[in-house]
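Commentary on secondary and tertiary structure
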Amino acid sequence: MTDTATATAAGLDPATLRDLLRVAGAPDFHRWQDQIRRTGGCSDPIHLTGYTKTLDRATGTVLHTYSTDTDPGGRLRVACGNRRASRCPACAWTYAGDTYHLIRAGLVGDPGKGTPETVRVHPKVFATLTAPSFGPVHNRPLSGSCRCGLRHSEDDTALGAPLDPDGYDYAGAVLWNNYASDLWRYFTIYLRREIAARAGLTQKAAREQCRVSFGKVAEYQRRGAVHFHAVVRFDGPDGPDSPPPPWATLDLLTDAIHAAARRVTVPVPAAENQPARTLRWGTQLDVQPIRSADAGTDGELTEQAVASYVAKYATKAAETTGTVDR
Ligand SMILES: [Zn+2]
Ligand SMILES: [Zn+2]
């Protein structure tokens, strides 16, 4: 069989196949394999060249040296760490897994990582805070068709695009994304105030009895607006290791989240042709209690489901919104 025929059979061009055989047959092939394993199969690793030298500060003795010269191709490969599946499936997968375990630990505990299993019984909710409307967009309603009269397919690029581009508040949408982290920060501040008020305590007294912990991810909606998914949990005064006080109930937390989200306003000064505005959360605020998987109550989110959702949202590519994927 000729080179070309073999290459075609393997789905590779002859040059790639020759390269592949060269690497596979190289004496340092195990080092290649090791590097690839350590980067988690990253599709776009960062190539580093250089050296390090560790000296004993007192004596000046060289304790350790490393040079990339000794690695295959004279380079050290480091995973790109991109969270977007469209950029690097391997790194996004790793990130989704890490996120899943992080969120899951916050829900059911992970004593190996310092979160006791008792957090499982702490009151906690899964909250989704969204952006307000900037004008109607093409969508897929649960029943019936889009306002434009069509029934869009799931992958229709028109989804999320304004129905009336001339009337759509593009500037508002851009500003909202830009200030989303401020909106979130104010939300956490107000939430603590609302909790204290409902407990009939000063903020200081409430903090001495109860802590609020957050695990959040930002996601882009089809229309390009950022929104947040968050696990919000009550802990005791010493954090996850201590039980929350009896007044720190699921109902109080849910109620306080709604009140805090309503209160948040972020003023944006006028600039060039843009008037001054006040940014707020959208009215679509969803707060659902999270119960232990074994509690078996219908209609409530289980820990497993929440951890999976959050991991999925965390890596959902921005290009699904049609925005620049960076
Ligand atoms: Zn990567
Ligand atoms: Zn439409």
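Everything quoted here is computed from the prediction, not taken from an experiment. (Residues numbered from 1 in each chain as written. Chains lettered and ligands numbered in written order. Predicted model: local features only at pLDDT ≥ 70, side-chain atom pairs only at ≥ 80, totals over all residues. Heavy atoms only, no water.)

1. Here we look at the overall build of the protein chain
What counts is decided by this rule: Helical segments are the DSSP runs of H or I of at least four residues, strand segments are the runs of E of at least two, and each set is numbered from the N terminus. C-alpha atoms define the radius of gyration, and 2.2 Å times the number of residues to the power 0.38 defines the globule rule. Categorising residues by exposure relies on relative accessible area from a 1.4 Å probe, with only protein chains included: less than 20% of the type maximum marks a residue as buried, more than 50% marks it as exposed, and the intermediate range marks it as partly exposed. Contacts between residues were defined by any pair of non-hydrogen atoms, one from each residue, lying within 4.5 Å.
The helix and strand tally for the protein chain stands at 8 helices and 11 strands. Taken against the 2.2 N^0.38 rule, which gives 20 Å for 326 residues, the C-alpha radius of gyration of the protein chain at 26 Å runs more than 25% over that of a compact globule. Each principal axis of the C-alpha atoms in the protein chain carries an extent, and together these give about 75 × 65 × 50 Å. Every one of the 326 residues in the protein chain was classed for burial, and the buried ones make up 37%. A separation threshold of at least 6 residues defines the contact pool for the protein chain, and within that pool the share at least 24 residues apart is 64%.

2. Focus: a nonpolar patch on the surface
The test is simple: The patches reported here contain residues having more than 30% relative accessible area and no salt bridge. Joining distances are 9 Å for like charges and 5 Å for nonpolar side chains (Val, Leu, Ile, Met, Phe, Trp, Tyr). Where accessible areas are quoted, they stem from the Shrake-Rupley method and a 1.4 Å probe; at the residue level, only the protein chains shown are allowed to cover. Salt bridges are counted wherever a side-chain nitrogen of Lys or Arg sits within 4 Å of a carboxyl oxygen of Asp or Glu.
Side chains of I46, L48 and V78 sit close together on the surface and give an oily, nonpolar patch of about 220 Å² of accessible area. Position of V78 relative to the elements: it lies in strand β4 (residues 76–78).

3. Structural notes on the packing of helix α5 (residues 170–199) against helix α7 (residues 250–263)
Condition: Throughout, an axis means a line fitted to C-alpha atoms (over the contacting stretch in the case of helices), and angles, computed between N-to-C directions, take values from 0 to 180 degrees. By the definition adopted for this analysis, an angle is roughly parallel if under 35 degrees, roughly antiparallel if over 145, roughly perpendicular if from 65 to 115, and oblique otherwise. Each crossing is labelled by how the near helix is turned from the far one, with a counterclockwise turn of less than a right angle marking it left-handed and a clockwise turn marking it right-handed.
Contact geometry of α5 with α7 gives a least axis separation of 8 Å together with a crossing angle of 130°. As the angle between them shows, α5 and α7 are arranged oblique. Of the two elements, α5 crosses α7, and the hand of that crossing is right-handed. In this structure, α5 contributes F187, Y190, L191, R193, E194, I195, R198 and A199 to the contact, and α7 contributes L252, L253, D255, A256, I257, A259, A260, A261 and R263.

4. What about the domain arrangement of the protein chain?
Our working definition: These domain boundaries are the output of an automatic or database domain assignment.
Once the domains are mapped, the protein chain shows domain 1 (28–80) and domain 2 (89–134 + 169–321). Computed from C-alpha atoms alone, the centre-to-centre distance between domain 1 and domain 2 is 39 Å.

5. Observations concerning the nonpolar core
Soluble globular proteins tend to bury their nonpolar side chains together. Which entries qualify depends on this criterion: The definition of a nonpolar core used throughout is a set of buried Ala, Val, Leu, Ile, Met, Phe, Trp, Tyr and Cys residues joined through side-chain atoms within 4.5 Å.
Among the nonpolar cores identified, the biggest contains 40 residues, and W176, F187, L191, I257 and W281 are the most heavily contacted of them. When residues of this core are traced back to their parent elements, those giving at least two are β5 (124–129), α5, β7 (226–235), α7 and β8 (266–268). Broken down by element, this core gets its largest block of residues, 10 residues, from α5. Ignoring anything within four residues of it in the chain, the contact list for I257 reads V125, F187, L191, V232, L285 and V287.

6. Examining the coordination of the zinc ion (ligand 2)
Metal coordination angles in their ideal form are 109.5 degrees for the four-donor tetrahedron and 90 or 180 degrees for the six-donor octahedron. Note the cut-off: Here a donor is any nitrogen, oxygen or sulfur atom (N, O, S) within 2.8 Å of the metal, with 3.2 Å used for Na, K and Ca; water is not among the atoms considered, so some sites may look incomplete. Square planar and octahedral assignments, for four and six donors respectively, both demand that opposite donors be over 155 degrees apart and that all other angles lie between 65 and 115; tetrahedral needs four donors with all angles between 85 and 135 degrees, and anything else is irregular.
Coordination of the zinc ion (ligand 2) by the protein involves H138 (ND1), C146 (SG), C148 (SG) and H152 (NE2), with metal-donor separations of 2.0 to 2.3 Å. Given 4 donor atoms and angles of 106 to 117° at the metal, the environment of the zinc ion (ligand 2) is assigned as tetrahedral. On the primary sequence, the residues serving as donors to the zinc ion (ligand 2) are separated as H-x7-C-x1-C-x3-H. Of the two residues, H138 sits in the loop between β5 and α5 while C148 sits in the loop between β5 and α5, which places them 10 residues apart along the sequence. Residue classification places C148 among the partly exposed residues on the basis of a relative accessible area of 33%.

7. Let's talk about the coordination of the zinc ion (ligand 1)
Coordination of the zinc ion (ligand 1) by the protein comes from C42 (SG), C80 (SG), C88 (SG) and C91 (SG), over a distance range of 2.2 to 2.3 Å. The site at the zinc ion (ligand 1) holds 4 donor atoms, and with the angles between them running 105 to 113°, its shape is tetrahedral. All donor residues of the zinc ion (ligand 1) come from one chain, and their arrangement in sequence is C-x37-C-x7-C-x2-C. Taken together, the positions of C80 in the loop between β4 and α4 (89–108) and C91 in helix α4 put the pair 11 residues apart, joining distant regions of the chain.

8. Concerning the environment of R120
One can find R120 in the loop between α4 and β5. Note on R120: relative accessible area 29%, which makes it partly exposed. The sequence separation of R120 and H101 amounts to 19 residues, and the corresponding C-alpha distance is 14 Å.

9. Some thoughts on the packing of aromatic side chains
Condition: Here the aromatic set is Phe, Tyr and Trp, taking the six-membered ring for Trp, and pairing holds for ring centres within 6.5 Å; pairs whose planes are under 30 degrees apart are stacked, those over 60 apart are edge-to-face, and all others are tilted. For a Lys NZ or an Arg CZ to count as sitting over a ring, it must be within 6 Å of the ring centre and within 35 degrees of the ring normal.
According to the stated counting rule, one finds 9 aromatic pairs in the structure shown. Note on W184 and F187: the rings are 5.3 Å apart at their centroids and 45° apart in plane angle, and the pair reads as tilted. Of this pair, W184 and F187 both sit in helix α5, separated by 3 residues, roughly a single helical turn. Taking 5.8 Å as the distance between ring centres and 75° as the angle between the ring planes, the aromatic pair formed by F228 and W281 counts as edge-to-face. Taken together, the residues F228 in strand β7 and W281 in the loop between β9 (277–279) and β10 (286–291) connect sequence positions 53 residues apart. Across this residue pair, the class does not change: F228 and W281 are buried. In textbook terms, an aromatic cluster arises when at least three aromatic residues are bridged by ring pairs, as seen for W176, W184, F187, F214, F228 and W281. The ring of Y190 is capped by R263, whose NZ or CZ atom sits 4.5 Å from the centre of that ring.

10. Thoughts on the pairing of β10
Defined as follows: One requirement defines pairing of two strands: DSSP has to find at least two bridges between them.
Note: β5 against β10, 4 bridges, orientation antiparallel. Bridge pairing links F126 to Q288 in β10. Pairing geometry for β10 and strand β11 (residues 301–302), over 2 bridges, is parallel. Along β11, the bridge assignment pairs I290 with L301.

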